[in-house]
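Descriptive analysis of the structure
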Amino acid sequence: MKFKFFILLFLLQNLCRAQYNDAGLWMTCNMEKNLKKKFTALLNPTIRLNENITEVGSSFLDGGIGYKINKHIKVSANYRIAARRRLGDSYGFRNRFYTDFAFRKKLKKLITISYRLRLQSQFADYFTSRNGKIPDYTLRNKLQFKLDINKKYSPYLSGELWNNAKQLNAGFTNLRCVAGIDYELSKKSGFFIAYIFQRELNSSNPLRDYITSIGYSISF
């Protein structure tokens, strides 16, 4: 009887863990406007579906200004306003401010390596939550390799790790791995599709997401 009880407990435990797996679909449009000299304006509306692509988990709008220091280094300052679904099927608003430092270099004509360091602060339910005015600070490191096969197709791989910026010694909190491909429609527009795996780290029951991401990019 005890043996059967432990078998049942083991099965229930794995079933509970399985419910933290989710499939998603992200849809975005990346718009970039060249301004005077080395400045660019950025605008990116996005919709993210989760719960096995059955509901809108979040939607947001990113906007920012980028500055190209030289051909390898670019910095930007950005803001995001987001609506995110709560457990009770209502939506709460989040405000995010973030700065990016990006480095890119082409190796052996075919491979482009890029690194992005992001520092972000986020406020959740600023006016409706008791802790809404206390920001979460996150440090994100992203490394990407892109292969320039020809003028049309460019497959890429990337990995990204999150840290709590106030507790860097506590270890990483999130991992995101991406495999995708860019397709150039013209010199100023393109389409991309990617598969994303992300999961929580340092958690006894980590959330795992398996996401298909599609998007359109345009510069003018």
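Quick look at the structure, then. Everything quoted here is computed from the prediction, not taken from an experiment. Each chain carries its own residue numbering, running from 1 in the written order of its sequence. Note on the predicted model: pLDDT of at least 70 is required for a residue's local features to be given, and 80 or more for side-chain atom pairs to be given and counted; whole-chain, interface and lining totals, by contrast, use all residues. Heavy atoms throughout the structure, all of them, feed into the side-chain values; hydrogens and water do not.

Along the chain, N163 turns up in strand β8 (residues 153-164). Using a 1.4 Å probe on the protein chains alone, a residue whose accessible area is under 20% of its type maximum counts as buried, one over 50% counts as exposed, and one in between counts as partly exposed. Exposure remark for N163: the relative accessible area of 8% places this residue in the buried category. For N163, the contacting residues outside a window of four places in its chain are Y137, T138, L139, N141, L168, G171, F172 and T173. Under the scheme used here, helices are H or I runs from DSSP no shorter than 4 residues and strands are E runs no shorter than 2 residues, and both carry numbers assigned from the N terminus. Residues are treated as being in contact if the distance between any of their heavy atoms lies within 4.5 Å.

Turning our eyes to something else, we now look at the packing of aromatic side chains. Here a Phe, Tyr or Trp ring, Trp counted by its six-membered ring, pairs with any other such ring whose centre lies within 6.5 Å, and the pair is stacked when the planes are under 30 degrees apart, edge-to-face when over 60, and tilted otherwise. For the structure on display, the rule yields 5 aromatic pairs. With a centroid separation of 4.8 Å and an interplanar angle of 45°, the aromatic rings of F39 and Y67 are classed as tilted. In this pair, F39 is assigned in strand β2 (residues 39-50) and Y67 in strand β3 (residues 55-68), connecting sequence segments 28 residues apart. Given a relative accessible area of 38%, F39 falls into the partly exposed group. By relative accessible area, which is 31% here, Y67 ends up partly exposed. When the ring of F197 is compared with that of Y210, the centres are 5.3 Å apart and the planes differ by 45°; the resulting orientation is tilted. Of the two residues, F197 is situated in strand β10 (residues 189-200) and Y210 in strand β11 (residues 208-219); the sequence distance between them amounts to 13 residues. Across from the ring centre of W26, 3.7 Å away, lies the NZ or CZ of R48, which sits over that ring. We count a charge as sitting over a ring when the NZ of a lysine or the CZ of an arginine lies within 6 Å of the ring centre and within 35 degrees of the ring normal. Positioned over the ring face of F60 is R80, at 3.7 Å from the centre of the ring.

Treat this as a map of the structure, not an account of what it does.
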